[in-house]
Amino acid sequence: MSSDAELIGRSLSGDTDAFVEVVSRHETAIGNYLARRVGRQTAEDVLGEVWVAAFESRASYDRSYPEARPWLYGVALNRLRRHWRSEPAEEPASDITRLATDWDPWPEVDARVDTQALLRRALARLRPDEREVLGLVAWEDLTVAEAGRVLDIPAGTARRLLHQARKALRDAPEVVALLRVPTT
């Protein structure tokens, strides 16, 4: 089986099916990454832009890396940033408490929603670069070095950012309260 680097090299030599193979190897992972960031429907649109951008910039791929997945995450992140810049500012959410005054959800649902909100708040307090490294390592299953490649930063910097993110989450009041861990 050919590596991604070999397939990209073959695509640069005119073998169009070679790049299709790279896409088929990574479309699920990249699509899921996008869906977690912008939702499934928008992710489908952005995913098409990712493949076009990757194809157009494949000559810049460093073929000393056999696997293209970190590079493709970088392309996807750039497309996400472009998408976010093009979005109009969000409207504030309407007061949903008026919609269902007689509705009383189950306590388990409340607890789950509260937990998700607490974790979202804790994640929102991270610096963007810390959040990116954490997400790439925790949710996309990349190594710290691969996350560094995605973000175009040295592996040591990515390691430091991941450490800072983990420490910030461990010390976040929301997480401490959630885990009921006494602070020291």
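Computed from a prediction, not measured in an experiment: that's the story for all the values here.

Side note on the side chain of Glu140
Positionally, Glu140 belongs in the loop between helix 6 (128-138) and helix 7 (144-151). Accessibility expressed as a relative area gives 7% for Glu140, which makes it buried. If we ignore the near neighbours within four places in the chain, the residues touching Glu140 are Ala29, Tyr33, Arg36, Arg69, Tyr73 and Gly135.

Describing the nonpolar core
Judged by nonpolar contacts, the single largest core of 46 residues is most densely connected at Ile30, Tyr33, Leu34, Val50, Trp71, Leu72 and Leu136. Elements with a minimum of two residues in this core: helix 1 (4-12), helix 2 (16-38), helix 3 (40-56), helix 4 (69-86), helix 5 (107-124), helix 6, helix 7 and helix 8 (155-171). Considering each element in turn, this core owes the most residues, nine residues, to helix 2. In contact with Tyr33, not counting residues within four places along its chain, are Tyr73, Ala76, Leu77, Leu80, Glu132, Leu136 and Glu140.

Regarding helix 8
Its 17 residues give helix 8 an end-to-end C-alpha distance of 24 Å, which sits within 8% of 24 Å, the value for a rise of 1.5 Å per residue. Taken as a whole, helix 8 has its buried residues at Ala158, Leu161, Leu162, Ala165 and Leu169. Summarising the axial view, the buried residues of helix 8 lie within an arc of 100°, below the 170-degree limit, and thus occupy one face.

As for the packing of aromatic side chains
Following the criterion strictly, the structure yields three aromatic pairs and no others. It is Arg149 that lies over the ring of Tyr65; its NZ or CZ is 3.5 Å from the centre.

Describing the pattern of salt bridges
Under the definition given, this model contains nine salt bridges. Residue Glu132 is joined to Arg37 by a salt bridge in which the shortest nitrogen-to-oxygen separation is 2.7 Å. Taken together, the residues Glu132 in helix 6 and Arg37 in helix 2 connect sequence positions 95 residues apart. For Glu132, a relative accessible area of 11% translates into the label buried. A salt bridge links Arg127 to Asp129; the shortest N-O distance between them is 3.0 Å.

Section: the packing of helix 7 against helix 8
Running from N to C, helix 7 and helix 8 point in directions that differ by 105°, and their axes come no closer than 8 Å. Judged by the angle between their axes, helix 7 and helix 8 are roughly perpendicular. Contact with helix 7, carried on its side by Val144, Ala145 and Gly148, involves Ala155, Ala158, Arg159 and Leu162 of helix 8 and no other residues of that element. The residue inventory of the contact of helix 7 with helix 8, partitioned by class, reads five nonpolar, one polar and one charged.

What counts and how
- Residues numbered from 1 in each chain as written.
- Predicted model: local features only at pLDDT ≥ 70, side-chain atom pairs only at ≥ 80, totals over all residues.
- Heavy atoms only, no water.
- Helix = DSSP H or I, 4+ residues; strand = E, 2+ residues; numbered from the N terminus.
- Buried < 20%, exposed > 50% of the residue type's maximum accessible area, 1.4 Å probe, protein only.
- Contact = heavy atoms within 4.5 Å.
- Core = buried A, V, L, I, M, F, W, Y, C linked by side-chain atoms within 4.5 Å.
- Expected span 1.5 Å × (residues − 1).
- Arc of directions from axis to C-beta.
- Phe/Tyr/Trp six-rings, centres within 6.5 Å; stacked < 30°, edge-to-face > 60°.
- Lys NZ or Arg CZ within 6 Å of the ring centre and 35° of its normal.
- Salt bridge = Lys/Arg side-chain N within 4 Å of Asp/Glu carboxyl O.
- Axes fitted to C-alpha atoms, helices over the stretch in contact; angles between N-to-C directions.
- Parallel < 35°, antiparallel > 145°, perpendicular 65-115°, else oblique.
- Nonpolar A, V, L, I, M, F, W, Y, C, P; charged D, E, K, R; others polar.

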